[in-house]
Amino acid sequence: MNYKHVLLSHDGPVTRLTLNAPSRLNAMTPAMGAEIRDAVPLINARDETRVVIVRGAGRAFSAGGSLKSIQEEVSEEAGAGPGLGGGSNFYRLYLSVRDLEAPSIAAINGHAIGAGLCFALGADMRVIRTGARVGMTFVKLGIHPGMAATWTLPRLIGPARAAELLYSGRLIDAATAVEWGIASREADADFDQVVEDLALEIAAAGPIAVKATKRTVRGTFERTLGEALDLESAEQEVTFRTADAREGVRALTERRSPRFEGR
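Residues numbered from 1 in each chain as written. Predicted model: local features only at pLDDT ≥ 70, side-chain atom pairs only at ≥ 80, totals over all residues. Heavy atoms only, no water.

Draft legend 1. Representation of the packing of aromatic side chains. Enumeration according to the criterion identifies four aromatic pairs in this entry. Here a set of aromatic residues connected by ring pairs shows up, and it is made of Phe61, Phe90, Tyr91, Tyr94 and Phe119. (Phe/Tyr/Trp six-rings, centres within 6.5 Å; stacked < 30°, edge-to-face > 60°.)

Draft legend 2. A look at the sheet that holds strand β8 (residues 171–173). Sheet architecture is open: three strands sit in the order β5-β7-β8, paired in mixed fashion. Looking at which strands have only one partner, the edges of the open sheet turn out to be β5 (112–113) and β8. (Pairing = 2+ DSSP bridges. Helix = DSSP H or I, 4+ residues; strand = E, 2+ residues; numbered from the N terminus.)

Draft legend 3. Spotlight on the packing of helix α9 (residues 207–218) against helix α10 (residues 225–240). For the pair α9 and α10, the least separation of the axes is 10 Å and the interaxial angle reads 170 degrees. Accordingly, the angle class assigned to the pair α9 and α10 is roughly antiparallel. Read as a crossing pair, α9 and α10 show a hand that is right-handed. Listed contacts from α10 to Ile208, Ala209, Ala212, Arg215 and Thr216 of α9 are Leu231, Glu232, Glu235 and Thr239. Counted by class, the contact of α9 with α10 contains four nonpolar, two polar and three charged residues. (Axes fitted to C-alpha atoms, helices over the stretch in contact; angles between N-to-C directions. Parallel < 35°, antiparallel > 145°, perpendicular 65-115°, else oblique. Left-handed = near helix turned anticlockwise from the far one by under 90°. Contact = heavy atoms within 4.5 Å. Nonpolar A, V, L, I, M, F, W, Y, C, P; charged D, E, K, R; others polar.)

Draft legend 4. Fine view of the pairing of strand β6 (residues 125–129). Across the five residues of β6, four count as buried, placing the element largely inside the fold. Alignment of β6 against strand β9 (residues 185–187), held across three bridges, turns out to be parallel. Each residue of the ladder has a partner; that of Val127, found in β9, is Arg185. (Buried < 20%, exposed > 50% of the residue type's maximum accessible area, 1.4 Å probe, protein only.)

Draft legend 5. Highlighting α9. Look at α9: 16 Å from first C-alpha to last across twelve residues, which is about the 16 Å you get at 1.5 Å a residue. Among the residues of α9, those classed as buried are Pro207, Val210, Ala212, Lys214 and Thr216. Contacts from the buried residues of α9 go to β4 (104–108), α8 (191–203), α10 and α11 (243–253). (Expected span 1.5 Å × (residues − 1).)

Draft legend 6. Spatial organisation of the pairing of strand β2 (residues 14–19). With respect to burial, β2 is a largely interior element, five of its six residues being buried. Where strand β1 (residues 6–11) meets β2, six bridges bridge the pair, whose relative direction is antiparallel. Residue pairing across strands places Asp11 opposite Val14, the latter belonging to β2. From the end of β1 to the start of β2, which pair antiparallel, there are two residues, and Gly12 there has a positive phi angle of about 60 degrees. When β2 meets strand β3 (residues 51–56), the two strands line up parallel, connected through six bridges. When the bridges of β3 are listed, Leu17 appears paired with Val54.

The following block contains the structure:
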């Protein structure tokens, strides 16, 4: 499939999905979102993929919704244009990143603003480059936050800190993003290597177990303790019966690194 607004590449167990509009700081459009939506099932169908790195081309992760699209949305003229493509419909295109079966890392290589930060929050974890700033700037434009900002952010950093960012529209630096839990780690000159090392560390684990664990972790806030125990038991029972589990135990007893095959 040919893409105009994103880049999709594979390198062994690592797949890279890159927003590719660097001259516009990877501003988000419906066309770009549609390509992300279409890429997700292709990535899921690739057996070799064990981890996905999501990032922006150039010096920004994403500046958020394109100014042109936002202008069309707020225009007083009836039928001024497609704008963001219908609010939730536009947002669902980008949040299809949550449907990736393999673990995903948002490599926040530069500023991630508004919807751009929301897109990064759709990944399972985030690494942020020193110098990058992030924030939910919706209210500074006089508009309500979107792309599940009010759902994702409180679950990630707690309701009080989420409220502070959502109500003020403030940008925070990389160190604060890590301190507050938006990103798990910060890196500077070694940013690309840190992201790569994290991806390969995940890729070296048992892929069946990792994907099952992702399914369990993703819904954790909607389950009771008892439900979590039942789900873990069910998933563990499945993984106990895999060749990967036998290889993992064998490798431990032989004091070597396991060679998982995903079966």
